[in-house]
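Okay, here's what each chain looks like letter by letter:
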Amino acid sequence: MDRISFLPDDFLLQILSLLPTKDVLTTSVLSRRWRYLWKLVHKLEYTYCDRNADHRRFFNIRRKCSDIDIGFWIRTAVKRGLRELSFDYWPHNTINEPSKLPQSLFTCGTLVVLKLTDVSLVDVTFPVCFQLLKTLQLSCVIYLDDETPQKLLSSCKILQELDVNRVKNDNVTVFSIKVPSLQKLIFDGKWGTHDGISEFVMNAPSLKFLEINDCSNECMVEKMPELVAANLEAIYWNTDNILSSFTSVKRLSLCLAEEDLLMYFLKHSPKLRALKLNERYGGIFVARIDHWDEPSSIPESLMFSLETLEWTTYRGWQVEKELATFLLKHSRRLKTATISPQPTSLENKHRMLTELALLSRGSTTCQLVFG
């Protein structure tokens, strides 16, 4: 007796959602009861494997998918109330141009999550409508001009999370993000230059988390009174503008080109509790500076709020030692300072750790940890 076919649709759809997509589709031939049931499954995943290639091409459409006619499947999914689309697909051809998606996707009023990779928005007709969209990811996307990202984001009235990974020559000189509802932003613009010129503009007053890896020539950032945590890799920014936006930040991770910028951030982040110093381009400071000029005034964040300090790839340069001396000496509420030397000989490592251990500490309860 076929007892499973008598189960309610909700149960059957839950079962089907746990199966590989190819098995879900084959259930349509079981009986009339199953013929159209697969179309109601809320999530279908498709993995395309080219036997002539060494890798697999994957894109996941949370509703329907096909490598034969992408536009057809997306239009069909939109008609059936598409809620989540994750598109990551590169056709196997010598041109390898970014994909173009049907216009119906950009007027899909049911979408909640949209993730696009290697897609062209050049031919999209505006205005578009994403009235329910809360999460948007734009990776290696090509735009028509500066206004395209602005028009796209202005249609997302309740957007909460935005992840942008720019690509070189994406046709945008000024990348503008003005989203009042935005709470989380990850912006990677280090490759997003157009003829060597790039500017970043942001107005997100509700932002709570910010991660930026950018080398823009100019940066204009409005105040972010709700900001709690930030990860920044800043190199060429005009810092005077962005510094005033960090008054509420409590957790800060920095990779900076100059030590003066660190002091500016500390000065403008009076509520800072956790500070992490990173390096990717040869150290916290790009060049070996012979000495460091200690600021005339001590930042409030060091005296009243900073509790944890983490410094990765410490090199023991004179300027780094002077900065470490300053931070440990004036951080009166510091609980833990974790310093991890760069890979080096045991002799050099022992020397650096000995020097750090002998430094005076403004906090009597500070524990120095060597990573």
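See the structure shown above.
Everything in this summary refers to the structure shown in the same document. Just so it is clear, the structure is predicted and the values come from calculations on it, not from any experiment.

## Details of unusual backbone geometry
One can expect most non-glycine residues to show negative phi and most peptide bonds to be in trans. Of note, the amide linkage connecting F126 to P127 takes the cis form, showing an omega dihedral of 5°. Within the secondary structure, P127 is located in the loop between strand 4 (113–117) and strand 5 (135–139). Notably, N171 is not glycine yet its phi reads approximately 75°, a positive angle. Looking at the element boundaries, N171 is found in the loop between strand 6 (161–165) and strand 7 (174–178).

## A word on the side chain of R315
By the element assignment, R315 lies in the loop between strand 15 (308–314) and helix 9 (318–330). We classify R315 as buried; its relative accessible area is 17%. Only 2.6 Å separates the side chain of R315 from the side chain of Q342, close enough to count as a polar contact.

## Let's talk about the pattern of salt bridges
Tallied over the full model, the rule gives six salt bridges. Salt-bridge contacts for R33 lead to D9; the nearest nitrogen and oxygen are separated by 2.9 Å. With R33 in helix 3 (residues 32–35) and D9 in helix 1 (residues 9–16), the pair connects residues that are 24 residues apart, well separated along the chain. The class for R33 is partly exposed, based on a relative accessible area of 31%. Assessed through its relative accessible area of 35%, D9 is described here as partly exposed. Residues K100 and D123 are paired through a salt bridge, measuring 2.8 Å at the closest nitrogen-oxygen approach. Pair noted here: K100 is in the loop between strand 3 (84–88) and strand 4 and D123 is in the loop between strand 4 and strand 5, with a separation of 23 residues, a long-range link.

## Notes on the nonpolar core
Among the nonpolar cores identified, the biggest contains 80 residues, and L105, I177, L185, L210, F246 and L275 are the most heavily contacted of them. A per-element tally of this core places helix 9 first, with five residues. Setting aside residues up to four positions removed in sequence, L185 forms contacts with L162, I177, F200, M202, L207, F209, L210 and E211. Of all hydrophobic cores here, the second largest spans nine residues; its members include L12, L16, V41 and W73.

## Remarks on a nonpolar patch on the surface
Among the surface-exposed residues, I4, L7, F11, I15 and L19 lie close enough to one another that they form a single nonpolar patch of about 420 Å² accessible area. Locating L7 in the fold gives a position in the segment before helix 1. We classify L7 as partly exposed; its relative accessible area is 33%.

## What to know about the sheet that holds strand 11 (residues 218–221)
Strand order in the open sheet formed by three strands is 7-9-11, and the pairing between neighbours is parallel. Here the strands that pair on one side only, and so sit at the sheet edges, are strand 7 and strand 11. Strand after strand, the sheet turns through a mean of 5° between neighbouring axes, direction not considered. Pairing analysis gives five bridges linking strand 7 to strand 9 (residues 199–203), with the strands arranged parallel. Of the residues in strand 9, the one forming a bridge with I177 is M202.

## A few points about helix 10 (residues 346–357)
The end-to-end C-alpha distance of helix 10 is 16 Å, a good match for the 16 Å that 12 residues give at a rise of 1.5 Å each. All buried positions along helix 10 are accounted for by M352, L353 and L356. Down the axis of helix 10, the buried side of the element spans an arc of 95°, and every buried residue falls inside it. Among the exposed residues of helix 10, those oriented more than 90 degrees off its buried face are E347 and H350. On its buried face, helix 10 is in contact with strand 15, helix 9, strand 16 (336–341) and strand 17 (367–370).

## Describing the packing of aromatic side chains
Applying the stated criterion across every chain, the model contains six aromatic pairs. On the basis of an interplanar angle of 80° and a centroid distance of 5.9 Å, the ring pair of Y143 and F175 is categorised as edge-to-face. One end of the pair, Y143, is in the loop between strand 5 and helix 5 (147–154); the other, F175, is in strand 7, with 32 residues separating them in the sequence. Considered together, Y143 and F175 belong to a single accessibility category, that of buried residues. A centroid spacing of 5.2 Å and a plane angle of 90° characterise the contact between W311 and Y314, whose relative ring orientation is edge-to-face. Between the NZ or CZ atom of K184 and the centre of the ring of F209, over which it lies, the distance is 5.7 Å.

## Some remarks on a positive patch on the surface
Taken together, K250, R251, K271, R273 and K335 make up a surface patch of like positive charges. Note on placement: K271 falls in the loop between helix 7 (259–267) and strand 14 (274–277).

## Regarding the pairing of strand 11
Burial of strand 11 is one-sided: the residues C219 and V221 facing one way are buried, the residues E218 and M220 facing the other way are not. Here four bridges tie strand 9 to strand 11, and the two strands are oriented parallel to one another. Each bridged residue has a counterpart across the sheet, and for M202 the counterpart in strand 11 is V221.

## What about the state of the cysteines?
What we call a disulfide is simply a covalent bond connecting the sulfur atoms of a pair of cysteines. If you walk through the whole model with that rule in mind, you get zero disulfides. Here C108 is not cross-linked by a disulfide; its sulfur's nearest cysteine counterpart is in C129, at 8.9 Å.

Reading the values: rules and limits
- Residues numbered from 1 in each chain as written.
- Predicted model: local features only at pLDDT ≥ 70, side-chain atom pairs only at ≥ 80, totals over all residues.
- Heavy atoms only, no water.
- Helix = DSSP H or I, 4+ residues; strand = E, 2+ residues; numbered from the N terminus.
- Buried < 20%, exposed > 50% of the residue type's maximum accessible area, 1.4 Å probe, protein only.
- Polar contact = N/O pair within 3.5 Å; in protein donor to acceptor, adjacent residues only side chain to side chain.
- Salt bridge = Lys/Arg side-chain N within 4 Å of Asp/Glu carboxyl O.
- Core = buried A, V, L, I, M, F, W, Y, C linked by side-chain atoms within 4.5 Å.
- Contact = heavy atoms within 4.5 Å.
- Patch = residues over 30% accessible without salt bridge, like charges linked within 9 Å, V, L, I, M, F, W, Y side chains within 5 Å.
- Areas by Shrake-Rupley, 256 points an atom, 1.4 Å probe, with all protein chains shown as cover.
- Pairing = 2+ DSSP bridges.
- Axes fitted to C-alpha atoms, helices over the stretch in contact; angles between N-to-C directions.
- Expected span 1.5 Å × (residues − 1).
- Arc of directions from axis to C-beta.
- Phe/Tyr/Trp six-rings, centres within 6.5 Å; stacked < 30°, edge-to-face > 60°.
- Lys NZ or Arg CZ within 6 Å of the ring centre and 35° of its normal.
- Lys, Arg positive; Asp, Glu negative; His and termini not counted.
- Charge placed at Lys NZ, Arg CZ, Asp CG, Glu CD.
- Disulfide = S-S within 2.5 Å.

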